[in-house]
Amino acid sequence: MREQRTPSILPALTHPQASLSPAERSLRARLAAYAMHARYDARRTSANGRAAFLARFEREVDPDGRLDPEERRRRAQHARSAYFTRLALASAAARRAKRASRTGGDSA
């Protein structure tokens, strides 16, 4: 989408060196994201990133490129599922640890 950029709708900073607070930077970034998604199809703007992300799993399961493409794709989908399940497990453990630290005890 970089080659199709249009003028920014973000308010201009009065000083190029003006510093923004973290909350203001977050709001500016959110505004820019909403504006971009209002103009363009999200599937199109993220296609290259999604392709690279999925290619990572294909390289992981078949680093030498010897598998049949359909088998590589099937295994890559399983590797992707394992990746997201690992993230969910880590997230649940972090939430449990945070609850335990707030209550002063260990809740299973």
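Data block above holds the structure.
Scope of this entry: the structure provided in the associated data block. (Residues numbered from 1 in each chain as written. Predicted model: local features only at pLDDT ≥ 70, side-chain atom pairs only at ≥ 80, totals over all residues. Heavy atoms only, no water.)

Interaxial distance between helix 3 (residues 47-61) and helix 4 (residues 69-103) falls to 8 Å at its minimum, and their mutual angle equals 110°. Between helix 3 and helix 4, the angle falls in the class roughly perpendicular. Within the contact between the two elements, helix 3 uses F53, L54, R56, F57, E58, E60 and V61 and helix 4 uses R72, R73, R75, A76, A79, R80, Y83 and F84. Class assignment for the residues of the contact of helix 3 with helix 4 results in eight nonpolar, no polar and seven charged. (Axes fitted to C-alpha atoms, helices over the stretch in contact; angles between N-to-C directions. Helix = DSSP H or I, 4+ residues; strand = E, 2+ residues; numbered from the N terminus. Parallel < 35°, antiparallel > 145°, perpendicular 65-115°, else oblique. Contact = heavy atoms within 4.5 Å. Nonpolar A, V, L, I, M, F, W, Y, C, P; charged D, E, K, R; others polar.)

A separate point is helix 4. For helix 4, which comprises 35 residues, the first-to-last C-alpha distance of 51 Å matches the rise-based estimate of 51 Å (1.5 Å per residue) to within 8%. Taken residue by residue, helix 4 has R72, A76, A79 and A100 as its buried positions. Packed against the buried residues of helix 4 are helix 3. Looking at the residues trailing helix 4, positive phi occurs at G104, about 80°. (Expected span 1.5 Å × (residues − 1). Buried < 20%, exposed > 50% of the residue type's maximum accessible area, 1.4 Å probe, protein only.)

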